[in-house]
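Listed below, chain by chain, are the residues.
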Amino acid sequence: MKKLLVVLLSVLMVLSMVGCKKEEVEVDDSPLAATVEKNTENYAQESETLYDANLGDFYSYYQKAKEATSVSERFALMAIAEAKLLESAVLLPLSSKGGNYAISRVAPYTSSTVLWGNDMERYHSIIVATELIKASDREEMKAKYAELKGTGTYREWAVGFLKDKGYEVKDTYTMTYSSDPQTWDVLATSRSADSEAIINTYDGLMEYDEENTLQPALAVSYTVSEDGLVYTFKLREGVKWVDSQGREVGEVTADDFVAAAQHCMDAQEGLEYLLGDAGAHIVNADAYVGGDVTDFSQVGVKAVDKYTLDAPTSYFMTMLGYGVFAPMNRAYFLSKGGVFGVDNYQAVAGTISYGTSPENIAYCGPYLAVATPNNSVVFTANESYWNKENVTIKKLTWLFNDGQDPLKAYNDAVAGTIDGAGLNASAVVQCKADELFDDYAYVSSTDATSYCAFVNINRKAFANYNDSTVAVSTQTVNQAAKTNAALQNVHFRRALLFALDRGAYQAQTDGEDLKYASMINSFTPGTFVMLEEETTVEIGGKEKTYPAGTFYGQILQDQLDADGVKIKAWDATADGGIGSSTQYDGWYNLQNAKAELKEAIKELKEQGVTVSSVNPVHIDLVAYAASEVYLNRAKAFKQSVEAAFEGAVIVDLVEVSSSKEWYGAGYYASTGYDNNYNMYDVSGWGPDFGDPSSYLDNFVPGGYMIKSIGIY
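Residues numbered from 1 in each chain as written. Predicted model: local features only at pLDDT ≥ 70, side-chain atom pairs only at ≥ 80, totals over all residues. Heavy atoms only, no water.

### Some remarks on the overall build of the chain
And then number 1: Secondary structure summary: the chain contains 21 helices and 25 strands in total.
And then number 2: Here the chain has a C-alpha radius of gyration of 26 Å; the compact-globule value for 712 residues is 27 Å, and the two agree.
And then number 3: Across its three principal directions, the C-alpha atoms of the chain cover 80 × 65 × 55 Å.
And then number 4: Residue pairs in contact within the chain that sit at least 24 positions apart in sequence constitute 72% of those at least 6 positions apart. (Helix = DSSP H or I, 4+ residues; strand = E, 2+ residues; numbered from the N terminus. Rg over C-alpha atoms; globule rule 2.2 N^0.38 Å. Contact = heavy atoms within 4.5 Å.)

### A look at helix H15 (residues 490-498)
And then number 1: Where burial is concerned, most of H15 is hidden: 8 out of the 9 residues are buried.
And then number 2: Within the sequence span of H15, burial applies to His 491, Phe 492, Arg 493, Arg 494, Ala 495, Leu 496, Leu 497 and Phe 498.
And then number 3: Between the side-chain oxygen at the start of H15 and the backbone nitrogen of His 491 there is a gap of 2.9 Å, and the oxygen is on Asn 489. (Buried < 20%, exposed > 50% of the residue type's maximum accessible area, 1.4 Å probe, protein only. Polar contact = N/O pair within 3.5 Å; in protein donor to acceptor, adjacent residues only side chain to side chain.)

### Some words on the sheet that holds strand S15 (residues 376-381)
And then number 1: Taken in spatial order, the 4 strands make up an open sheet running S5-S16-S15-S14, and their pairing is mixed. Each having just a single partner strand, strand S5 (172-177) and strand S14 (367-372) make up the two edges of the open sheet. On average, each strand axis in the sheet is tilted by 15 degrees relative to the strand beside it, whichever way the strands run.
And then number 2: Bridge count for S14 against S15 is 6 bridges, and the pairing is antiparallel. Counted as the bridge partner of Tyr 367 is Ala 381 from S15. (Pairing = 2+ DSSP bridges. Axes fitted to C-alpha atoms, helices over the stretch in contact; angles between N-to-C directions.)

### Here we look at the confidence of the model for the chain
And then number 1: Averaged over the chain, the pLDDT score is 93; the fraction of residues at 70 or greater is 95%.
And then number 2: Across residues 1-27, where pLDDT falls below 50, the model places 44 contacts with residues more than four positions away in sequence or in other chains. (pLDDT = per-residue confidence, 0-100.)

### Comments concerning the packing of aromatic side chains
And then number 1: Counting across every chain of the model gives 44 aromatic pairs.
And then number 2: Aromatic ring contacts, followed pair by pair, group Trp 116, Tyr 208, Phe 523, Phe 528, Tyr 695 and Phe 699 into a single cluster.
And then number 3: A cation over a ring is seen here: Arg 236 above Trp 386, with NZ or CZ 3.9 Å from the ring centre.
And then number 4: Across from the ring centre of Tyr 584, 5.4 Å away, lies the NZ or CZ of Lys 568, which sits over that ring. (Phe/Tyr/Trp six-rings, centres within 6.5 Å; stacked < 30°, edge-to-face > 60°. Lys NZ or Arg CZ within 6 Å of the ring centre and 35° of its normal.)

### A closer look at the layout of surface pockets
And then number 1: Here the second largest pocket is characterised by a volume of approximately 1,000 Å³.
And then number 2: Contributing to the lining of the second largest pocket are 43 residues, with Gln 268, Glu 269, Gly 270, Glu 272 and Tyr 704 lying nearest its centre.
And then number 3: Put simply, the parts of the chain that give the lining of the second largest pocket at least two residues each are helix H2 (43-66), helix H7 (255-267), helix H8 (285-290) and helix H10 (342-348).
And then number 4: The biggest single contributor to the lining of the second largest pocket is H2, with 4 residues.
And then number 5: Residues that form the lining of the second largest pocket fall into these classes: 17 nonpolar, 16 polar and 10 charged. (1 Å grid on protein atoms, 1.4 Å probe; cavity = no way out; pocket = protein on both sides within 12 Å on 5 of 7 lines; lining within 4 Å. Points joined across faces, edges and corners; volume = space filled by probe spheres on them. Nonpolar A, V, L, I, M, F, W, Y, C, P; charged D, E, K, R; others polar.)

Below is the structure:
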């Protein structure tokens, strides 16, 4: 608390008269946005101090997990660490991807459904019918998939099944997208909007197929040393690199993976940590990124396509479908102004043309791309692709949809302009009116994505960093200071998160019937991993032994219960007794919200900050006003929270008119300093590999998602 108070001194100076009398006096009621100037001089120290005060417990337990001597102990300790993260209330799990009504021409399970990496975004081998597929036929296909999974025969069966049912299969696929790629350099981005496009332009060493079996791609085989530290891959011969016109620029070699790894570490755009001890454990990766090693030949990626690790890493092979393990043609990169070496690259990064457009990358995957911003991305077949005989989709088209028209995707899907659409509440009504719902609507599967609401505990920006005229806050200097003080109090944050009726909130996008279908209650899904062996850990000061097969979520819940924090992140009775962390609301509880607010008011008063219905805390939530669906969701957020606290908390909707402005408030920000909100509900995280650390590493000091809470 002493550390926290030091940071708050500058924030609370404007509150020197607050609490002196029964009636508060605001010492500065001028609009803050017009006066704020960027000053990052003390930002790093503030971030460190606030991190220790708010996430210190999480980090301590997480470090213990990273030092575990077995995989099962690692999983158990990570579950305990996540309990501490949830207890800190800096984020509120909201939903996963999917779980909504949909209609589609795409046959189920004809692309990977693996829960991590990017292979599920590879579309070259999906099966698409010329007509919408009936829900009853989907159920038959899903049942057959469960029977055939792992045999390698499902695809052939699916094509035959569709033809027997009277469907025709086509070789094109058209879908929607909502955010243009900001770069086409897969090694220099951490945004899913970028990587989901670029993944279709290259192959990795290994890739998950539609039955979620890891298959050779650019590698034809691999070996692992007895100590588990050296992975050696034999590359496929004769694979061509081509430019955007399909002209050959080279062959894929082992050096392409060395060049790619160095470029990823040079660019430092957010995912380079995955190559170091937070992910793959490649020798000297962290030292190179940090500048302690400047000679890349000392890093454990060698031109015999050998990866040398500094510790056995059980999940290493699950990482190969992610962008940080993509290849890059060295000569082509250099021809586009690229340079190697951290300092060299950072000095000229803005002048390099590589990755600035799909015309400025080399391709070794199934497609070549052409992009028209805010309009379309069109992928056409790469005639030099090594595996082109197995490409079922010859043309892949993305059409831009900013979400302003709630019926556009549905109408386009029915018309055949696109090949499928999720159905929001408005679309469900229309689908029923068109008498298509009963025959064609189905509930889409959920994945392991965790969309969250994030709490900014150190707000600095009060207008968008890339356009100071957009998303301008109406908070006064005094209001902003009070809000920062409140959001640095864990009880206030818990009160806020417990007060959100997530069912009413989700109903605006998914409809009343499915408002819980995609709802999540933990950051890492409770069933993401399970213990491989009997494991004993300390829960609430007492040793507890868990049998092999115990899910991550059970240990997480036990720690929450031991700490007395009333979050239901795991329901052991759900899913027929298997247990689940999804499809119910384990956070919303008005009694708990009011109890936490009462404690927060008491602690804040001791700091000189009075919170009441006369002197409320103002929370800015950026709202996408041009979209009826998302504006209604923001209004549900406001209504729920304000009703819970009877005037002590006011949610101010800061309206923006485009999706780009909405993303600009936080999703596009590269540091916590530029996050323009008190709470934000736009972004989330999908795992990069099959280990809970893929989620939790986001919240270590300097972790990728830590910026979402206003620090680092």
